[in-house]
Amino acid sequence: MVPKKIRVAVLTQEDSFIIPENIKLLGESENLELVAVVKIDAAGSLVNKRSLFIKGFGLIQVVKMGLVSIFNQVLNFIDSLSFFKLGLLKSLKSVSVACDSEYKIMRDPNDQSSIDWLTKLNIDLVVSFSAPCVFKSELLKLPKFGCINLHCSLLPKYAGLLPSFWTLYEKAPMLGATVHKMDDKIDNGAILGQIKIPTPSKTSMFNVIRDTKRAGGHLMISVINQILSGNVKAQANHVETEDYYSWPTVSEIKAFRRNGGRLI
């Protein structure tokens, strides 16, 4: 029997923009109990790719992005003075406090100490918001309803890393977000829900990240409600070699800039 409230743990990477908003949506859902927010501090995290972005986009663009992040940190500090009652919530830790859930930093959620900690929480579902690592078998099997991930493209197209860059780089006619079941390959599990977003004629990576993640957060709530009601409809997700993208090279980022592409 499906529980009245599904116990959810979120595994993600540090973000001061949209991910805290999406976690707040989970925390406010009447069908969910947000029991843990886990920050995965791995080499593949976006915040650990500063040198790539500086070399590709240039210092000015990266500084602009940094200033937005600093502004969000200031808002988060102001919010902390009210014990997060203002609801600004610009960090993973702040949203976990506001939602009265556990907060933990992990290097690798697949290691035994992490698995043991998650097991004690008796979670029903793991939600990944751009978790920067591959989930292995023991972690995938741990929750009763498995692990599901938000990927910000229309899978199977633009699977892999940084879809916000590649959809713009290749001038994809449509943006979107996908919630899919996770397996031991990147962005390879069955599709549980998708939403399409038109690509604006002039935009930036930051705007694409914002719009797709925000739409994806609401999609995630919808998919979880379908799981609870037993009405979720899985679709095949056949990721081919040509659909998968890794980090762009510095020369690819520079080519993107020459064609009018922007970070922010």
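The structure reproduced in this document is the subject of the present report.

1. Some remarks on the overall build of the protein chain
- A tally of helices and strands in the protein chain yields nine helices and nine strands.
- Taken over the C-alpha trace, the protein chain has a radius of gyration of 18 Å; the compact-globule value for 264 residues is 18 Å, and the two agree within 12%.
- Expressed along its principal axes, the backbone C-alpha trace of the protein chain runs to roughly 55 × 45 × 35 Å.
- Counting across all 264 residues of the protein chain, residues that qualify as buried make up 50%.
- The contacts in the protein chain between residues at least 6 apart in sequence include a share of 73% that link residues at least 24 apart.
- When the accessible area of the protein chain is evaluated, it comes to approximately 13100 Å², of which 56% is carbon and sulfur surface.
- Treating the 32 positive side-chain charges of the protein chain as one cloud and the 24 negative ones as another, the clouds have centres 6 Å apart.

2. Quick look at the environment of Ala159
- In this structure, Ala159 sits in strand 6 (residues 159-160).
- Given the relative accessible area of 0%, Ala159 is considered buried.
- Distance from Ala159 to Asp243, taken between C-alpha atoms, is 5.8 Å for residues 84 residues apart in sequence.
- Those residues in contact with Ala159 that sit more than four places away from it in its chain are His151, Ser153, Asp187, Val239, Asp243, Tyr244 and Tyr245.

3. Examining the pattern of salt bridges
- Taken as a whole, this structure holds eight salt bridges when the rule is applied.
- Close ionic contact of Asp124 with Lys144 constitutes a salt bridge, the shortest N to O distance being 3.5 Å. One end of the pair, Asp124, is in the loop between helix 5 (112-120) and strand 4 (125-129); the other, Lys144, is in the loop between helix 6 (137-141) and strand 5 (147-151), with 20 residues separating them in the sequence.

4. With respect to the packing of helix 1 (residues 19-28) against helix 8 (residues 205-229)
- Two elements in contact, helix 1 and helix 8, have axes whose closest approach is 9 Å; the angle formed by their N-to-C orientations is 20 degrees. Of the possible angle classes, the one that applies to helix 1 and helix 8 is roughly parallel. Note that helix 1 runs across helix 8; the crossing there is right-handed. Residues Ile19, Glu21, Asn22, Leu25 and Leu26 of helix 1 form the contact with helix 8, whose participating residues are Lys213, Arg214, Gly217, His218, Met220, Ile221 and Ile224.
- Its residues placed into classes, the contact of helix 1 with helix 8 shows six nonpolar, three polar and three charged.

5. A short note on the side chain of Ser91
- Positionally, Ser91 belongs in the loop between helix 3 (59-81) and helix 4 (92-98).
- Taking the relative accessible area as the measure of exposure, Ser91 reaches 13% and is therefore buried.
- Sequence-distant contacts of Ser91, that is, excluding residues within four places in its chain, are made with Glu14, Asp15, Pro20 and Asn76.

6. Overview of the sheet that holds strand 2 (residues 32-40)
- Across the sheet, which stays open at both edges, the seven strands sit in the order 3-2-1-4-5-7-8 with mixed pairing between neighbours. Strands with a single pairing partner mark the edges of an open sheet, and in this sheet they are strand 3 (102-106) and strand 8 (191-198). Geometrically, the sheet is characterised by an average inter-axis angle of 20 degrees between neighbouring strands, direction not taken into account.
- Examined bridge by bridge, strand 2 and strand 3 share five bridges and lie parallel to one another. Of the residues in strand 3, the one forming a bridge with Val38 is Lys104.
- Docked against the sheet, helix 5 engages strand 1 (6-12), strand 2 and strand 3, running at close to 165 degrees with respect to strand 3.

7. As for the environment of Thr212
- Note on placement: Thr212 falls in helix 8.
- Looking at Thr212, the relative accessible area reads 2%, which means it is buried.
- For Thr212 and Ala159, which are 53 residues apart along the polypeptide, the C-alpha to C-alpha distance reads 14 Å.
- Ignoring any residue separated from it by four or fewer positions in sequence, one finds Thr212 in contact with Cys152, Leu175, Gly176, Ala177 and Ile197.

8. Considerations on the packing of aromatic side chains
- Considering all chains together, one arrives at nine aromatic pairs under this definition.
- Centre to centre, the rings of Phe165 and Tyr169 are 5.3 Å apart; their planes meet at 25 degrees, and the pair counts as stacked. Linking Phe165 with Tyr169, this pair stays in helix 7 (residues 163-169), spanning four residues, or about one helical turn.
- In this structure Phe165 comes out as buried when scored by relative accessible area, which is 0%.
- Their ring planes at 80 degrees and their centres at 5.4 Å tell us that Trp166 and Tyr169 sit as a pair that is edge-to-face. Taken as a pair, Trp166 and Tyr169 lie in helix 7 at a separation of three residues, close to a single helical turn.
- The buried category is assigned to Trp166, whose relative accessible area is 6%.
- An aromatic cluster is built from Phe53, Phe57, Tyr158, Phe165, Trp166, Tyr169, Tyr245 and Phe256, whose rings are joined through pairwise contacts.

What counts and how
Residues numbered from 1 in each chain as written. Predicted model: local features only at pLDDT ≥ 70, side-chain atom pairs only at ≥ 80, totals over all residues. Heavy atoms only, no water. Helix = DSSP H or I, 4+ residues; strand = E, 2+ residues; numbered from the N terminus. Rg over C-alpha atoms; globule rule 2.2 N^0.38 Å. Buried < 20%, exposed > 50% of the residue type's maximum accessible area, 1.4 Å probe, protein only. Contact = heavy atoms within 4.5 Å. Areas by Shrake-Rupley, 256 points an atom, 1.4 Å probe, with all protein chains shown as cover. Lys, Arg positive; Asp, Glu negative; His and termini not counted. Charge placed at Lys NZ, Arg CZ, Asp CG, Glu CD. Salt bridge = Lys/Arg side-chain N within 4 Å of Asp/Glu carboxyl O. Axes fitted to C-alpha atoms, helices over the stretch in contact; angles between N-to-C directions. Parallel < 35°, antiparallel > 145°, perpendicular 65-115°, else oblique. Left-handed = near helix turned anticlockwise from the far one by under 90°. Nonpolar A, V, L, I, M, F, W, Y, C, P; charged D, E, K, R; others polar. Pairing = 2+ DSSP bridges. Phe/Tyr/Trp six-rings, centres within 6.5 Å; stacked < 30°, edge-to-face > 60°.

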